[in-house]
Amino acid sequence: MTDIRTVGVAGAGTMGAGIAIVAARAGFATRVYDTRQAALDNARAQTEGFLRKSVERGKLKAEQFERAMANWQGTTRLEDLADCDIVIEAVFEDLGVKHGLFAQLDKICASQTIFASNTSTISITEIAGGSGRVDRFVGMHFCLPAQLMKLVEMSPGLNTSDETWRRAWAFCEALGQQPVRTQDTPGFILNYFLIPYNNDAIRLVEQGVAEPAEIDKAIKTALGYPMGPLELLDLVGMDTQRLLCDAMYGLTHELRASCPPLVKRMIAAGHLGKKTGRGFHRYGDSKMFGA
Amino acid sequence: MSTYRIRRAGESRSFPVAHPFLDLATTDGAGIVLVGKEAGAAYGALMAVDDAAFVAIELGVECLGVHAGEAADERRNNVVGFARFRLGSAEPSRLVELVRQPWTREEAVAAARAAFEAADLVVAVCNDFPGRIVDRLVRPYYNAVLRRHDEKLASAEEIDKTLCLGLGYPEGPLALLERTGLAAHYEVTQALYLSLGDAAYAPARRAQIAHQRAMAG
Ligand SMILES: NC(=O)c1ccc[n+]([C@@H]2O[C@H](COP(=O)([O-])OP(=O)(O)OC[C@H]3O[C@@H](n4cnc5c(N)ncnc54)[C@H](O)[C@@H]3O)[C@@H](O)[C@H]2O)c1
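Keep in mind that what you see is a predicted model, and the values were worked out from it rather than measured. Per-chain numbering applies: the sequence of each chain, read as written, is numbered from 1 onward. Here chains are named by letter from A upward and ligands by number from 1 upward, in the order in which they appear as written. Only residues with pLDDT of at least 70 are given local features in this predicted model, and only at 80 or more are side-chain atom pairs given and counted; all residues enter the totals for whole chains, interfaces and linings. Here the side-chain values reflect all heavy atoms present in the structure, with hydrogen atoms and water set aside.

Scanning chain B from terminus to terminus reveals nine helices and six strands. Atoms considered for the radius of gyration are the C-alpha atoms alone. The globule rule reads 2.2 Å times the number of residues to the power 0.38. Over its C-alpha trace chain B gives a radius of gyration of 19 Å, about what one expects of a compact globule, namely 17 Å for 217 residues. When each of the 217 residues of chain B is scored for burial, the buried share is 54%. Pairs at least 24 apart in sequence give 64% of the contacts found in chain B among residues at least 6 apart. Here, Shrake-Rupley sampling with a 1.4 Å probe gives the accessible areas, and only protein chains in the shown set may cover a residue. Roughly 9500 Å² of accessible area belongs to chain B as shown, and the carbon and sulfur atoms make up 52% of that amount. Only DSSP runs of H or I with at least four residues qualify as helices, and only runs of E with at least two residues qualify as strands; both kinds are numbered from the N terminus onward. With a 1.4 Å probe rolled over the protein chains alone, any residue whose accessible area is under 20% of its type maximum counts as buried; one over 50% counts as exposed, and the rest are partly exposed. Here, two residues are considered to be in contact whenever any of their heavy atoms come within 4.5 Å of each other.

Another point: the sheet that holds strand E4 (residues 79–84) of chain B. A pair of strands is treated as paired once DSSP finds two or more bridges between them. Overall, mixed pairing links the six strands, which are arranged E1-E2-E3-E4-E5-E6 (chain B) in an open sheet. Strands at the two margins of the open sheet, each flanked by one partner only, are strand E1 (4–8) and strand E6 (122–127) of chain B. Taking each pair of neighbouring strands and ignoring which way they run, the sheet shows an average axis angle of 25°. Bridge analysis of E1 of chain B against strand E2 (residues 31–35) of chain B gives five bridges, and the strand direction is parallel. Bridging across to E2 of chain B, Arg5 of chain B finds its partner in Ile32 of chain B. What counts as an axis is a line fitted to C-alpha atoms, over the stretch in contact for a helix, and the angles between N-to-C directions run from 0 to 180 degrees. Relative to E6 of chain B, helix H8 (residues 212–223) of chain A is tilted by about 135°, and along the sheet it contacts strand E5 (95–100) and E6 of chain B.

Okay, the interface of chain A and chain B next. Listed per partner, the contact involves 40 residues of chain A and 42 residues of chain B. Defined here as a combined quantity, buried area equals the accessible surface (1.4 Å probe) lost by two parts on assembly, summed across both. Together chain A and chain B conceal approximately 3500 Å² of surface at their shared face, both sides included; 69% is due to carbon and sulfur atoms. By definition, a salt bridge exists where a carboxyl oxygen of Asp or Glu is found within 4 Å of a side-chain nitrogen of Lys or Arg. Between Arg147 of chain B and Glu254 of chain A there is a salt bridge; the shortest N-O distance is 3.9 Å. Here the residues of the side of chain A that touches chain B sort into 25 nonpolar, eight polar and seven charged. Three classes are used, and their members are as follows: Ala, Val, Leu, Ile, Met, Phe, Trp, Tyr, Cys and Pro are nonpolar, Asp, Glu, Lys and Arg are charged, and the others, Gly among them, are polar.

Another aspect to go through is the packing of helix H10 (residues 238–252) of chain A against helix H11 (residues 261–269) of chain A. Residue and element names in this part refer to chain A. Packing of H10 against H11 brings their axes to within 9 Å, and their N-to-C directions diverge by 140°. The pairing of H10 with H11 is recorded here as oblique in orientation. Handedness of the crossing formed by H10 with H11: left-handed. On H11, the residues that touch Met238, Asp239 and Arg242 of H10 are Val263, Lys264, Met266 and Ile267. For the contact of H10 with H11, the class distribution of residues is four nonpolar, no polar and three charged. The cut-offs work like this: below 35 degrees is roughly parallel, past 145 is roughly antiparallel, 65 to 115 is roughly perpendicular, and the gaps in between are oblique. The hand of a helix crossing depends on one turn: near helix anticlockwise from the far one by less than a right angle means left-handed, and clockwise means right-handed.

Residues and elements named next belong to chain B. For chain B, the assigned domains are domain 1 (4–127) and domain 2 (134–215). In this structure, domain 1 and domain 2 have C-alpha centres spaced 28 Å apart. Counting residues at the interface gives eight residues for domain 1, matched by 10 residues for domain 2. Interface area, domain 1 with domain 2, both sides summed: about 720 Å², of which 69% is carbon and sulfur. Broken down residue by residue, the surface that domain 1 buries against domain 2 is led by Val61, Phe85 and Leu87, which jointly contribute 61%. On inspection of domain 1 and its partner domain 2, the count reaches zero salt bridges. Note that the domain bounds reflect an automated or database-derived domain assignment.

Here we come to the sheet that holds strand E6 (residues 137–142) of chain A. Residue and element names in this part refer to chain A. Read across the open sheet, the eight strands follow the order E3-E2-E1-E4-E5-E6-E7-E8; overall the sheet is mixed. With partners counted over all chains shown, the strands left at the sheet margins are strand E3 (72–75) and strand E8 (178–181), one partner each. Taken pair by pair, the neighbouring strands of this sheet meet at an average axis angle of 25°, ignoring direction. Here helix H4 (residues 95–108) sits on the sheet and contacts strand E1 (6–10), strand E2 (29–33), strand E4 (86–89), strand E5 (114–117) and E6; the angle it forms with E5, its principal contact strand, is near 165°.

The biggest cluster of nonpolar side chains holds 78 residues, and the ones touching the most others in it are Phe193 and Leu223 of chain A together with Val55, Val134 and Tyr141 of chain B. Per element, the largest residue contribution to this core is 10 residues, and it comes from helix H7 (residues 190–206) of chain A. Val22, Ala23, Ile88 and Ala146 of chain A belong to the second largest nonpolar core, which has 40 residues in total. We define a nonpolar core as any set of buried Ala, Val, Leu, Ile, Met, Phe, Trp, Tyr and Cys residues linked to one another through side-chain atoms lying within 4.5 Å.

Residue and element names in this part refer to chain A. Here the expected length of a helix is defined as 1.5 Å per residue gap, with one fewer gap than residues. End to end, helix H6 (residues 162–174) covers 18 Å across 13 residues, agreeing with the expected 18 Å (1.5 Å per residue, within 8%). When H6 is considered as a whole, its buried residues turn out to be Thr164, Trp165, Arg167, Ala168, Ala170, Phe171 and Cys172. The inward-facing, buried residues of H6 abut E1, E4, E5, E6, strand E7 (151–156) and E8. Looking at the residues trailing H6, positive phi occurs at Gly176, about 85°.

Within 6.5 Å between ring centres, the rings of Phe, Tyr and Trp (the latter by its six-membered ring) count as paired, and their orientation is classed by plane angle as stacked under 30 degrees, edge-to-face over 60, tilted in between. Inspection of the entire model under this criterion finds 14 aromatic pairs over all chains. Measuring from centroid to centroid gives 4.6 Å for Tyr4 of chain B and Phe21 of chain B, while their planes differ by 15°, and the two rings are stacked. Taken together, the residues span a long stretch of sequence, with Tyr4 of chain B in strand E1 and Phe21 of chain B in helix H1 (residues 20–23) at a distance of 17 residues. In this structure Tyr4 of chain B comes out as buried when scored by relative accessible area, which is 2%. In this structure an aromatic cluster arises from ring pairing among Tyr192, Phe193 and Tyr197 of chain A together with Tyr141 and Tyr142 of chain B. Any Lys NZ or Arg CZ that is within 6 Å of a ring centre and within 35 degrees of that ring's normal is treated as a charge sitting over the ring. Looking at Arg133 of chain A, its charged tip hangs above the ring of Phe115 of chain A, at a distance of 4.4 Å from the centre.

Side-chain positions along a regular strand alternate between the two faces of the sheet. Residues and elements named next belong to chain A. The element E2 is largely enclosed, with a buried count of four among its five residues. With helix H1 (residues 14–25) bridging E1 and its parallel neighbour E2, the resulting β-α-β unit is right-handed. Summarising the sheet, E2 and E3 pair through four bridges and their orientation is parallel. Bridging across to E3, Arg31 finds its partner in Gln73. Call a crossover right-handed when, viewed with both strands pointing away from you, the route from the first strand across the helix to the second goes clockwise.

Now for the domain arrangement of chain A. Here chain A is described as being made up of domain 1 (6–181) and domain 2 (191–276). Taking only C-alpha atoms into account, the centre of domain 1 of chain A sits 29 Å from that of domain 2 of chain A.

Residues and elements named next belong to chain A. It is at 11 Å that the axes of H7 and H10 come closest, and there the two elements cross at 120°. As H7 packs across H10, the resulting crossing turns out to be left-handed. Every residue of H10 that contacts H7 at Asn191, Tyr192, Ile195, Asn198 and Asn199 is listed here: Gln241, Leu244, Cys245 and Met248.

It is worth spelling out the site of the ligand at this point. All names here are of chain A. Taken together, 23 residues form the shell around the ligand, and within it Met15, Asp34, Arg36, Glu93 and Lys98 come nearest. Here an oxygen atom of the ligand sits 2.8 Å away from a polar atom, N or O, in the main chain of Met15. Surface burial for the ligand is 80%, taken as the share of its 840 Å² of free accessible area covered by protein chains. Ranked by the residues each element gives to the shell around the ligand, the list is headed by H4, at three residues. Along the lines of polarity and charge, the residues of the shell around the ligand split into 11 nonpolar, eight polar and four charged. Residue proximity to a molecule or strand is established when one non-hydrogen atom of the residue lies within 4 Å of it. Whenever a nitrogen or oxygen atom comes within 3.5 Å of another N or O atom, the pair is scored as a polar contact, on the condition that within protein one atom can donate a hydrogen and the other can accept it, and that pairs from neighbouring residues in sequence are kept only if both atoms are in side chains.

Structure follows, in structure tokens:
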């Protein structure tokens, strides 16, 4: 059982919009905060569109749709997060921006309010350090698209209290998500393994071991993975892969995490992946994944 | 239709039991498939290689060049290597990795591919590098998973659950390695470590232990 009733989501971009859908759908009063009204409008429209589709597909009842939409409140005023029991942060991946936000929230929110960060590459302990409440801070790393993916990697910072951990975990389960516990180390579990593995696949192409289509086919057939590594990279985008590599390599200095030169050439050539119609594979239409 | 005859040369990791691929062979097939651990030696003893539509040599962890040769006077344009991907004690998968050399003719590759595909196998073509595609790609990944589990990144269940939920894997890598044998992982990754010289292939601690225990009997 969770004692949390009201959820704040800070940052209404790609991840924040999805996390807010999860919270509102699970029945929590959800306050969505962004500095840009356009981001809020976009997130609201996305929420409505997604939940309507869920009703059409029989995954959500009409009255659940109404309730979820009523639960979802957008705002550009940080003060509106004052009554939140937990605030999940999904703003830009920048320690200074995150510290600035949490320092303000610390003054606005009640002392028992839990702060959580959806960061992919910054240490939870480091973000907590600038939050004013190091013991009431956890990592909650959702997967893209959050409204479809059940996995949440949860990590305690070095100072997270047992009480905070227990409350945050129960809340995550109440969201209808599947939390897993991981250490506060770079990439947590998923990105720590996935980024170098994807790089290794790129290096196989660079070294002429096999064509991308043959590599994808081999991996899917041999291991039953739903997607080959190069197909997956085409969805992630070479631009994003490069950012992820640079962040991970910068933290771990593990060679497999370093960005393969081919990625940089593909970015220069405009072969970013599915979104530009060409990455390791060619695509007839450039509709985004999940669209 | 690609016809082939089969020469058995010892136990085979690719075809340990009856399989349509073995049934579909004919005594006068145009291609020659050398099946078994000693396939490479059997290739050396083969007469009239040049007349075959293709010659396919079953491989272990070694490169095709070990058997087929690479020197200018050894090159044959109709010889390929193959192996059905298989993890340790698991049954062979449907994947056949088909290895070609730079001078292998397209027609030979196509004929070998057609022969395997006719038996409902899936063929991925690759060039002649250690580990081919799948071992080359997954062994460093498996070593990293074993190492980070040792380092208490998360429990085995949570690591597997994360990778299954996040990436749609049918089974997590730790459970998979336990099931198919850590000592078998050692053998493959150690061979690749020696041939590639890349530390990412160096067997993880748990694989070393499993190997040492297997050796001790
Ligand atoms: N995109 C992914 O696949 C993914 C996956 C998991 C985690 N993450 C993490 O989630 C976070 C957000 O990533 P994203 O991809 O959604 O980014 P995004 O750029 O799509 O969205 C960020 C949003 O935050 C808003 N914002 C920036 N500064 C703010 C502030 N001070 N106060 C309020 N709002 C502010 C921006 O206006 C924007 O709408 C990052 O920490 C990222 O590492 C991303």
